[in-house]
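Chain by chain, the residues:
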Amino acid sequence: MCISGIYAFTNSSILKYKNDINTGAIKIELKEYTIKDGQESIYTDSETTVLPGQIISLIPKITNLGDSSYVRAKLNYTSEDEGLIQITDENISGMDSNWVKKGGYWYYKNIVNSGDNIEIFKNVRIPIDVPNEFQGKSINMNIVAEAIQASNFNPDFNSNSPWNGIEVKKADTTYQSDMVQINPSAVIEYENSANLYIDVPEKFFSKLGHVVPGDVLSEKVSINNKKDTNIEYFVSTENVEGISDKGMELLKKLKFKITSQDGVIYDGNLDEIKNVSLGKYKPNEVQELMFIITVPSELDNEYANIFAGIKWDFSVSETEKEPEPAPEPEKKPDEPKEESPQTGDVKFIIAITVFFISAIALVVILFIGKKQKDKNK
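Residues numbered from 1 in each chain as written. Predicted model: local features only at pLDDT ≥ 70, side-chain atom pairs only at ≥ 80, totals over all residues. Heavy atoms only, no water.

Turning our attention to the overall build of the chain. When you go through the chain residue by residue, the secondary structure sums to three helices and 21 strands. Across the 377 residues that make up the chain, the buried fraction comes to 34%. If you take every contact in the chain between residues at least 6 apart in sequence, the share linking residues at least 24 apart comes to 80%. Accessible surface computed for the chain: about 23,800 Å², of which carbon and sulfur atoms make up 51%. (Helix = DSSP H or I, 4+ residues; strand = E, 2+ residues; numbered from the N terminus. Buried < 20%, exposed > 50% of the residue type's maximum accessible area, 1.4 Å probe, protein only. Contact = heavy atoms within 4.5 Å. Areas by Shrake-Rupley, 256 points an atom, 1.4 Å probe, with all protein chains shown as cover.)

The strand order across the open sheet formed by four strands is β8-β9-β6-β12, and the pairing between neighbours is antiparallel. Strands at the two margins of the open sheet, each flanked by one partner only, are β8 (99–102) and β12 (139–149). Here the average twist between neighbouring strands, direction ignored, is 25 degrees. By the bridge criterion, eleven bridges tie strand β6 (residues 69–79) to β12 in an arrangement that is antiparallel. Looking at the pairing, V71 lines up with A147 of β12. (Pairing = 2+ DSSP bridges. Axes fitted to C-alpha atoms, helices over the stretch in contact; angles between N-to-C directions.)

Along the chain, N239 falls in strand β16 (residues 231–239). One polar contact links N239 to D271, side chain to side chain, over a distance of 2.9 Å. (Polar contact = N/O pair within 3.5 Å; in protein donor to acceptor, adjacent residues only side chain to side chain.)

If you trace the five strands from one edge of the open sheet to the other, you get β14-β15-β20-β17-β18, paired in antiparallel fashion. The two strands at the open ends of the sheet, each matched to only one other strand, are β14 (198–199) and β18 (263–269). Two elements, strand β17 (residues 255–260) and strand β20 (residues 286–294), share five bridges in a ladder whose sense is antiparallel. Following the sheet pairing, T259 is matched in β20 by M290.

Glancing now at unusual backbone geometry. Backbone geometry at D37 places phi at a positive 55 degrees, although glycine is not the residue there. Note that D37 resides in the loop between β2 (28–36) and β3 (39–42). Judged by relative accessible area, D37 falls into the exposed class, the value being 81%. Its identity is not glycine, yet N164 carries a phi of approximately 55 degrees, on the positive side. Mapped onto the elements of the fold, N164 is located in the loop between β12 and β13 (188–191). Take N164: its relative accessible area is 51%, and that puts it in the exposed class.

We now examine the nonpolar core. Note on soluble globular proteins: their nonpolar side chains tend to be buried together. If you look at the biggest cluster of nonpolar residues, it comprises 36 residues, and the most contacted ones within it are F291 and W312. Per-element accounting of this core gives the leading share, five residues, to strand β21 (residues 307–319). Counting residues in each nonpolar core, the second largest holds 22 residues, with L75, W99, I118 and V124 among its members. (Core = buried A, V, L, I, M, F, W, Y, C linked by side-chain atoms within 4.5 Å.)

Following the criterion strictly, the structure yields eight salt bridges and no others. A salt bridge links E119 to K122; the nearest nitrogen and oxygen atoms lie 2.6 Å apart. On the basis of relative accessible area, E119 is assigned to the partly exposed category, the value being 24%. Residue classification places K122 among the partly exposed residues on the basis of a relative accessible area of 36%. (Salt bridge = Lys/Arg side-chain N within 4 Å of Asp/Glu carboxyl O.)

One pass over the structure, following the stated rule, counts 18 aromatic pairs. Through a chain of ring-to-ring contacts, three or more aromatic side chains come together here, namely F204, F205, F256, Y266, F291, W312 and F314. Lying over the aromatic face of Y105, R72 brings its terminal NZ or CZ to 3.8 Å of the ring centre. The lysine or arginine in question, K74, covers the ring of Y105, its NZ or CZ lying 5.2 Å from the ring centre. (Phe/Tyr/Trp six-rings, centres within 6.5 Å; stacked < 30°, edge-to-face > 60°. Lys NZ or Arg CZ within 6 Å of the ring centre and 35° of its normal.)

What follows is about helix α2 (residues 245–253). Every buried residue of α2 is accounted for by G247, L250 and L251. Taken around the axis of α2, the buried residues stretch over an arc of 100 degrees, which confines them to a single face. (Arc of directions from axis to C-beta.)

What follows is about the environment of L217. Relative to the assigned elements, L217 resides in strand β15 (residues 216–224). What makes L217 buried here is its relative accessible area of 12%. Taking the C-alpha atoms as reference, L217 lies 5.7 Å from I292; in sequence the two are 75 residues apart.

This next bit is on the environment of K252. Residue placement: K252 occurs in helix α2. For K252, a relative accessible area of 45% translates into the label partly exposed. For K252, the contacting residues outside a window of four places in its chain are N269 and D271.

This next bit is on the side chain of T63. Examined against the element boundaries, T63 turns out to sit in strand β5 (residues 59–64). A residue is classified by how much of its surface remains accessible, and T63, at 19% relative accessible area, is buried. Among all residues touching T63, those that are not within four sequence positions of it are K27, I28, E29, D116 and N117.

With 70% of its residues at a pLDDT of 70 or more, the chain shows a mean pLDDT of 76. Between residues 1–13, whose pLDDT stays under 50, and residues either more than four places distant or in other chains, the model counts 17 contacts. Predicted confidence is poor over residues 176–192, with pLDDT under 50, and the contacts of this stretch with residues over four places away or in other chains come to 43 contacts. (pLDDT = per-residue confidence, 0-100.)

As structure tokens, this is what we get:
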């Protein structure tokens, strides 16, 4: 009876949910093409000799193989005799109007989406007044292309440093954007009718399937206590199996916050949350909570193209309904005061009294039985 009473006092229900987490990455490719006989082909240094005033068909193309990006290019000119260099950016032509020169770089003002390619220029013209000292000398054009994520980034093309002085680092060349897909809907598993207590969106944090630094994702979770008892709500997270050490580091860096209309409930990391209480709710109490995940903007290429995963457990704990006090009967002014009506506690007292009386009776019976047995010996 005691065990049954404890079980009736707390009744738990669990909602389970799993998210895959993938970070995006930046990857570009630079190749040079030329037009020969009306056909575009890969450019090679097959022409060993050029003449003053000659126009060379040279088309550098940047192809975006990663996430949507802004790109820029830097053109450097070198020679075996530095004093002979006479080619500059003024000798190139066919550049799109979206290219703008700022500092030592050409910046492309439009976003370059995954799979798109853009031309830097189309032709290089050899100066017509090249002196004889150039004869037999070589000049090299070195092109450097760089990219930065377009998401959560706002370049200022009116500034002399449109990318705000950000240091560009080497990216993961194994990344392919078409391998990363946003999970359209994760599986929600209910235990013991947990859906009667808490409403989690069907695509709860599905955008974690593809995130980049600076992303802020939010989801609204509704709580509606339709029971006639008080209920406390909890949330926990755990890491999925099989993720790399780098994936574990990523989870520890993701910021997670839960807020309600009354303020902040939780503010910390997403990694391994243990039974955070979402509050205690009375019958028919309704509340909306906001779950917010932030990908730190300072994450660099070290955390690009990383897979991780997180499991969510939403649980509730239901407490026994408190009995309502019985209303006192109305009394007439001249009536004497009546004794309070007895409650169910009397039954418990009677049961205890009967137990003790029975125990005493049992002892007396055993004692009498022993004396009778001694007399018969």
